[in-house]
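Architecture and fold: a report
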Amino acid sequence: MEGHADAAPDARSRLLLAFCAAAVAFAAIDTYVVVLALPEMMATVGIPVDELQRAAPIVSGFLLGYVAMLPLIGRIADLRGQVPVLAASLGVFAVGSLATAVAPDLVTMVVGRFLQGAGGGGLVPATMALVAAMYPVERRGLPLGLVSGVQEIGSVLGPLFGAVVLSFTSWRGIFAINLAVGVLLFVAVRTLWRAPAGDAPHPERPGRPGRPDLLGGALAVVLVGAALVVFLQPADLKRDLTWGQLFIPYVDGGNAWVTPIGLITIGAFVALLLRCLLARRPLVDLRGWFRSAVEADLVGATLLAVSLGGIVLAFASADPEVAVFNPKGGWFLAGSVLAGAAFVVHLLRADAPIIPRSALAAAPAWGSLVVSFLVGWALIAALVDIPLFARTTTHRDSQLGAALVLLRFLAALPVGAVVGGYLIRRLPAGVITAVGMLLAAGSFLWMAQWGATSLDGFASNVPLVVGGLGFGLALAPVNAAILSTTSHDTHGLASALVVVARMVGMLVGISVLTTWGLHRLHVEHEKHPDLGLVDLAIVQEQSVFTGAAAASLLAAVLALVLFRRAPTRGLDTAEVLRTGG
């Protein structure tokens, strides 16, 4: 069946959706903000600049949380409601921002980034599902396009935001701002979610809660305050004759956790955990969330997370110029395959698996995942190889100049996303997606003809802008296709799987395309040994662009075929679900 909304949402609900979209945008900004802050973060934890690979967990930790946790979060959103999951995701994002901001070592930094990824990633499927719950199927296009647009605009604003903050403070200021914004958005979402006094109860918006958990709140304040003291180690306190004793380890050579203030922090954490588990109205309903996770199929979610995590760890890299495949990637992929096989067996045997067996039966539903995978495969070529091409040719000594070349592509992408969402009500999703990916393919084929001086001319802007618009056009129709052919009680999961498919496509695509490009480089070098390094690098990038064009063309063809019965314009969704598309 289609979403249960049959009319436009009221002003309060639209405002709630606007705050959710703002949260998605800010989380997307955080995905890219680390690019400029990474050198300072490395210096803080003692990693030399020339050992960039050691900093890879700072990037892959975020991706791991973003990708591996999405299916579970999306399924919980279906079972518990979109807005509670949105609020919880903002809370996790804020906690991750706090941990990253005060991180004294690499482990704490990676844990913070993982929590940021899990919280930020959880916002996307819950917001998409919220759109499906608020709008009837024929009116979802534009809001889906807007959400897709604000998600992609993070790639434009992220580096700019990082540059502005780093101009007046350290990298810790970036994550302190994340914390403040996360808390403000959490309060806004929670406030708008509560039904005003006198309103009839709503299954996803219960009435105002009872008395707040004052003891739990006090324990949380003690925990945060003590943790900040442990991490920041204020010099004035450490030099004080009385307060300085808080920082003296009980054991010779012990770390900060075996000091009085460290033990206070641990004690506050344990006490808060017990309070949340045992209290009748706890500050955080850990028992309820755990029940929701079990109901969502925690075992299956864990197997799927391990499988996806293996892919992330195998392919994620802090700098594609250094490596696109982890040195231990073979082991990670082997573990991913084993976990994936166990997951398939679990799906076949479990009574209520995380992905219901009929959830993706319709062709537009599973087809959306295939098309999204190919979109990610092609998109990563633009995000990585356009600036690499610029660095190879006209901007050899300017990373900023190379980034500005990519900015022309990125600025067009959210515009295309909004236009694609607007067109859904008038044109079939498959046609819009195909047109977008054909534009992307054409732009890549144009780029594949670029030479050493091509970026000097104004004409180089044309494929960049056309390519960005093309990818943007394809985003909303893919989401609309899967939402229109899945039942409303699986919309969170479906939206999560679309995002996961695109992210996995990006991770795998960059490795395969780069490997192909290197192969073409070696072949060309054997044919023409006199070619210089710049000429050989251009050959590699041209090969990558050609491969991305092929992936874009395949995505266009499959979208036309697989989305042809997606009822995104208000046709008979129930019939599509009944016949399997």
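Residues numbered from 1 in each chain as written. Predicted model: local features only at pLDDT ≥ 70, side-chain atom pairs only at ≥ 80, totals over all residues. Heavy atoms only, no water.

1. Looking at the overall build of the chain
- Scanning the chain for helices and strands turns up 20 helices and 0 strands.
- When contacts within the chain are restricted to residue pairs at least 6 apart in sequence, those whose partners lie at least 24 apart make up 78%. (Helix = DSSP H or I, 4+ residues; strand = E, 2+ residues; numbered from the N terminus. Contact = heavy atoms within 4.5 Å.)

2. Looking at the pattern of salt bridges
- Using the criterion set out here, one finds 4 salt bridges in the structure.
- Residue Asp 285 is joined to Arg 80 by a salt bridge in which the shortest nitrogen-to-oxygen separation is 3.3 Å. Of this pair, Asp 285 sits in the loop between α10 (260–278) and α11 (286–295) while Arg 80 is found in helix α3 (residues 70–80), placing the two residues 205 residues apart along the sequence.
- Among the residues examined, Asp 285 registers a relative accessible area of 27% and is labelled partly exposed. (Salt bridge = Lys/Arg side-chain N within 4 Å of Asp/Glu carboxyl O. Buried < 20%, exposed > 50% of the residue type's maximum accessible area, 1.4 Å probe, protein only.)

3. What to know about the packing of aromatic side chains
- As enumerated under the stated definition, the model contains 11 aromatic pairs in all.
- When the ring of Phe 26 is compared with that of Phe 161, the centres are 6.0 Å apart and the planes differ by 65 degrees; the resulting orientation is edge-to-face. Taken together, the positions of Phe 26 in helix α1 (residues 11–44) and Phe 161 in helix α6 (residues 141–166) put the pair 135 residues apart, joining distant regions of the chain. Across the pair, exposure class does not vary: Phe 26 and Phe 161 are buried alike.
- Here the aromatic rings of Phe 231 and Trp 257 are separated by 5.8 Å at their centres, their planes lie at 85 degrees, and the arrangement is edge-to-face. Of this pair, Phe 231 sits in helix α8 (residues 214–232) while Trp 257 sits in the loop between α9 (235–239) and α10, placing them 26 residues apart in sequence.
- Exposure remark for Phe 231: the relative accessible area of 19% places this residue in the buried category.
- Across from the ring centre of Trp 289, 4.0 Å away, lies the NZ or CZ of Arg 80, which sits over that ring.
- The cationic tip of Arg 426 hangs over the ring face of Tyr 422; the distance from NZ or CZ to the ring centre is 4.3 Å. (Phe/Tyr/Trp six-rings, centres within 6.5 Å; stacked < 30°, edge-to-face > 60°. Lys NZ or Arg CZ within 6 Å of the ring centre and 35° of its normal.)

4. Thoughts on the side chain of Ser 552
- Among the secondary structure elements, Ser 552 is positioned in helix α19 (residues 533–562).
- The exposure class of Ser 552 is buried, given its relative accessible area of 0%.

5. Regarding the environment of Trp 171
- Looking at the element boundaries, Trp 171 is found in helix α7 (residues 171–193).
- Spatially, the C-alpha atom of Trp 171 lies 5.6 Å from that of Ala 37, the residues being 134 residues apart in sequence.
- Setting aside chain neighbours within four positions, we find Trp 171 in contact with Ala 37, Glu 40, Met 41, Thr 44, Thr 100, Ala 101, Ala 103, Met 109 and Leu 166.

6. Observations concerning α8
- With 19 residues, α8 should reach 27 Å at 1.5 Å per residue; the first-to-last C-alpha distance of 27 Å fits that figure.
- By the burial criterion, the buried members of α8 are Gly 216, Leu 219, Ala 220, Leu 223, Ala 226, Ala 227, Val 229, Val 230 and Phe 231.
- The inward-facing, buried residues of α8 abut α5 (106–134) and α10.
- After α8 finishes, the residue Gln 233 shows a positive phi value of roughly 50 degrees. (Expected span 1.5 Å × (residues − 1).)

7. Some thoughts on the packing of α5 against helix α18 (residues 491–527)
- Orientation of α5 relative to α18, taken along the N-to-C sense of each, is 130 degrees, at an axis distance of 8 Å. Classified by the angle between their axes, α5 and α18 sit oblique to one another. Crossing hand, α5 versus α18: right-handed. When α5 is examined against α18, the residues Val 124, Pro 125, Met 128, Ala 129 and Ala 132 are found in contact with a partner set consisting of His 491, Gly 492, Ser 495, Ala 496 and Val 499.
- Considered class by class, the residues forming the contact of α5 with α18 number 7 nonpolar, 3 polar and no charged. (Axes fitted to C-alpha atoms, helices over the stretch in contact; angles between N-to-C directions. Parallel < 35°, antiparallel > 145°, perpendicular 65-115°, else oblique. Left-handed = near helix turned anticlockwise from the far one by under 90°. Nonpolar A, V, L, I, M, F, W, Y, C, P; charged D, E, K, R; others polar.)

8. Let's talk about unusual backbone geometry
- Backbone geometry at Asp 297 places phi at a positive 85 degrees, although glycine is not the residue there.
- Inspection of the secondary structure puts Asp 297 in the loop between α11 and α12 (298–315).

9. Comments concerning helix α13 (residues 329–349)
- Compared with the 30 Å implied by 1.5 Å per residue over 21 residues, the 30 Å span of α13 between its first and last C-alpha is a close match.
- Among all positions in α13, only Gly 329, Ser 336, Ala 339, Gly 340, Phe 343, His 346 and Leu 347 are buried. Here the buried residues of α13 occupy an arc of 120 degrees about the axis, which is enough to place them on one side. In α13, the exposed residues that point more than 90 degrees away from the buried face are Trp 331, Val 337, Leu 338, Leu 348 and Arg 349.
- The secondary structure elements touched by the buried residues of α13 are α12. (Arc of directions from axis to C-beta.)

10. What about the side chain of Asp 297?
- Lacking a salt bridge, the buried Asp 297 has Arg 75 as its closest oppositely charged neighbour, with an N-O distance of 8.2 Å.
- Here Gly 300 takes part through its backbone nitrogen, which lies 3.0 Å from a polar atom of the side chain of Asp 297.
- Beyond its immediate stretch of four places on either side in the chain, Asp 297 contacts His 346, Ala 352, Pro 353 and Ile 354. (Lys, Arg positive; Asp, Glu negative; His and termini not counted. Polar contact = N/O pair within 3.5 Å; in protein donor to acceptor, adjacent residues only side chain to side chain.)

11. Observations regarding the packing of helix α14 (residues 363–392) against α19
- The geometry of α14 relative to α19 is characterised by a closest axis approach of 9 Å and an angle of 160 degrees between their N-to-C directions. Judged by the inter-axis angle, α14 sits roughly antiparallel to α19. In terms of crossing hand, the pair formed by α14 and α19 is left-handed.
- Of the residues assigned to the contact of α14 with α19, the class counts are 24 nonpolar, 3 polar and 2 charged.

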